[in-house]
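# Residue-level structure breakdown
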Amino acid sequence: MRSGPERGTAVGGAPGARGKWWPLVAITLGNFMLLVDVTIVNTALPRISDGLGASFASLQWVMDIYALALAALLMVAGSAADLFGRRRIYVAGLALFALSSLACGLAPDASTLIAARAVQGVGAAAMFATNTPLLMAAYRGRDRGVAFGIWGGTSGAAAAVGPVLGGLLTEYVDWRAIFLVNLPLTAFAVWITLARVQESHGDRTARIDWPGAACFTVCAGALTYGLMRGGEEGWTEAGTLGSLAVAVLALIAFIAVERRVRRPLLDLRLLRRPSFATLMAAALLLQVAAFPYLTFVGLWTQNVLGLSPVQAGLAVTPLALMSLLVGAVGGRHLQRLAPQLPIGVGLLLTGAGGLLHALLLGDGAGWAVLVPGLAVSGLGIGMAMPVLVSAALGAAPPERAGMASGAVNTFRQLGFAFGIAVLGTVFATALHDAAPGAGPTALGAAYITGLTRVTLISGLVALAAGLLVLAVVRRTEHGEEPGAGGADAPGADATGSDATGSDATGSDASGAEATAGGGRTAGAGEPAGGAEPVRTGAPAGK
């Protein structure tokens, strides 16, 4: 008979099979909701525009502000969880997510919806930063491997379910239902968490880097706003230049703060490691290339092709399903390869998918022309995403594992936010070039032109990132990399959180990489060891 720690924990820490999986239900449900809430909006955008009279720029912000808030506060939420308790922060995140979802569902105008989506992103950051450390604390041995396998699989499923679920709710209920459906689910998750999940802490001596967090948030927000405004008002317009200037100043301030504080939000010396810096760039560029253009595909399939929200959701599922299949079937095998191979080749395939879109889209094209590109991109995403987090951990010293995990997920979310801003500007320019009052034929041609441009850019970005990864990234062991420039600073990481998981729009069915001691990861269903790491959680997901 196995010892208590090998058998997992149940209510109040009591070991045994009865009820021991309730913590997994509570944590997985919250993770699933926060990931679905990006993709679920895609198919509802045309109805939101009609219902609230929202402009294209407003629709961009409805998508972007959620990812932006999530990225900006992810590492801060991890630090807060270490200080105040991971369960407490997770429950607070669920509550905030529910209240903001209610505000989204009742929003009378686009501005209110955007503000509520920002708050929703704050709640999501608290949930995202705490779910894997809570799983690490709840399970041991074989149970831990099983828990992370299920957690990673449902994370991947969120990508496939989101567009279809959004289409169903929008078409048969109302677009507001895509937000209101969160209320009973969050209430259920809170109830289970309070009843079945034990409290756990990280380093209670840690301090939150508020100045660094403020500078980082201002930089990301001002840059995103400047990119969107530049596409609408022009790149020499005063507001555009002012926003970009604020972003530059905030970045300089962030670098200055992080070099001086004792426990930085991000140890900038990690970026001296060529492999780590390249992996951060790959995380950002993969998100730019792989997912934002799907937002504009959704607008095209409904506004031009006349597809229903459900049909529009089904039209883009080949990408998520292929990614989920590759992760589920080959995820454990991909982890055994030198990381530059699955990440680099995956990026190249993602780029090839984007170029296929650009090649096949043309006048009179229907939704079926999307399938080849979506399938190839999904294959690449399924290869690259499961390895990205573990590769980042391997490129950082063990005592920085939590920080590395939080950083790679932050860069991923920033990539999505920046992708919406940049590609949205390109797409909007194509629509603006169409003659005012143009008929359906001209409007359809403008949509095709915009989609061709954004998919071409997406493809080229992914190809460039793939070549960069193949050229620079090398397998590292326990964060030891030649020429790291002394980045192995001693001490605990600043966040202590493993804010990992599947991306909001991608998939990672393999995502059961439970770190046990900093650099080594265990695949789905594989025991991750009985001892819980001192500060790092369990990166699982893309």
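Here, every reference points to the structure presented above.
Below is a summary of the structure that appears in this document. (Residues numbered from 1 in each chain as written. Predicted model: local features only at pLDDT ≥ 70, side-chain atom pairs only at ≥ 80, totals over all residues. Heavy atoms only, no water.)

## Focus on the environment of P386
- For P386, the location among the structural elements is in helix α17 (residues 370-394).
- By relative accessible area, which is 0% here, P386 ends up buried.
- Between the C-alpha atoms of P386 and V326, which are 60 residues apart in sequence, the distance is 9.8 Å. (Helix = DSSP H or I, 4+ residues; strand = E, 2+ residues; numbered from the N terminus. Buried < 20%, exposed > 50% of the residue type's maximum accessible area, 1.4 Å probe, protein only.)

## Remarks on the nonpolar core
- If you look at the biggest cluster of nonpolar residues, it comprises 137 residues, and the most contacted ones within it are V41, I48 and L113.
- Among the elements that line this core, the one with the most residues is helix α4 (residues 56-84), at 18 residues.
- With residues up to four places along the chain from it excluded, the contact list for I48 reads V41, G53, A54, L59, L113 and W175. (Core = buried A, V, L, I, M, F, W, Y, C linked by side-chain atoms within 4.5 Å. Contact = heavy atoms within 4.5 Å.)

## Digging into the packing of helix α5 (residues 86-106) against helix α9 (residues 182-196)
- At a minimum axis separation of 9 Å, α5 and α9 run at an interaxial angle of 165 degrees. In terms of their interaxial angle, α5 and α9 are classed as roughly antiparallel. Handedness of the crossing formed by α5 with α9: left-handed. Between α5, through R87, Y90, V91, L94, F97, A98, S101 and L102, and α9, the contact on the second element is made entirely by N182, L183, T186, A189, V190, T193 and L194. (Axes fitted to C-alpha atoms, helices over the stretch in contact; angles between N-to-C directions. Parallel < 35°, antiparallel > 145°, perpendicular 65-115°, else oblique. Left-handed = near helix turned anticlockwise from the far one by under 90°.)

## Focus: the side chain of T425
- Tracing the backbone through its elements, the reader meets T425 in helix α18 (residues 401-433).
- Setting aside residues up to four positions removed in sequence, T425 forms contacts with Q60, L227, M228, G231 and W235.

## As for α5
- Helix length check: α5 (21 residues) gives 30 Å between terminal C-alpha atoms against 30 Å at 1.5 Å per residue, within 8%.
- What α5 keeps buried is the set R86, I89, Y90, V91, G93, L94, F97, A98, S100, S101, C104 and G105.
- Buried positions along α5 lie against α2 (22-42), α4, α6 (110-138), α8 (177-180) and α9. (Expected span 1.5 Å × (residues − 1).)

## A closer look at a nonpolar patch on the surface
- Side chains of W22, V25, F188 and W191 sit close together on the surface and give an oily, nonpolar patch of about 400 Å² of accessible area.
- Broken down by secondary-structure element, the contributors of at least two residues to the nonpolar patch are α2 and α9.
- Note that V25 resides in helix α2. (Patch = residues over 30% accessible without salt bridge, like charges linked within 9 Å, V, L, I, M, F, W, Y side chains within 5 Å. Areas by Shrake-Rupley, 256 points an atom, 1.4 Å probe, with all protein chains shown as cover. Salt bridge = Lys/Arg side-chain N within 4 Å of Asp/Glu carboxyl O.)

So, to be careful, I would describe these as geometric facts and stop short of saying anything about function.
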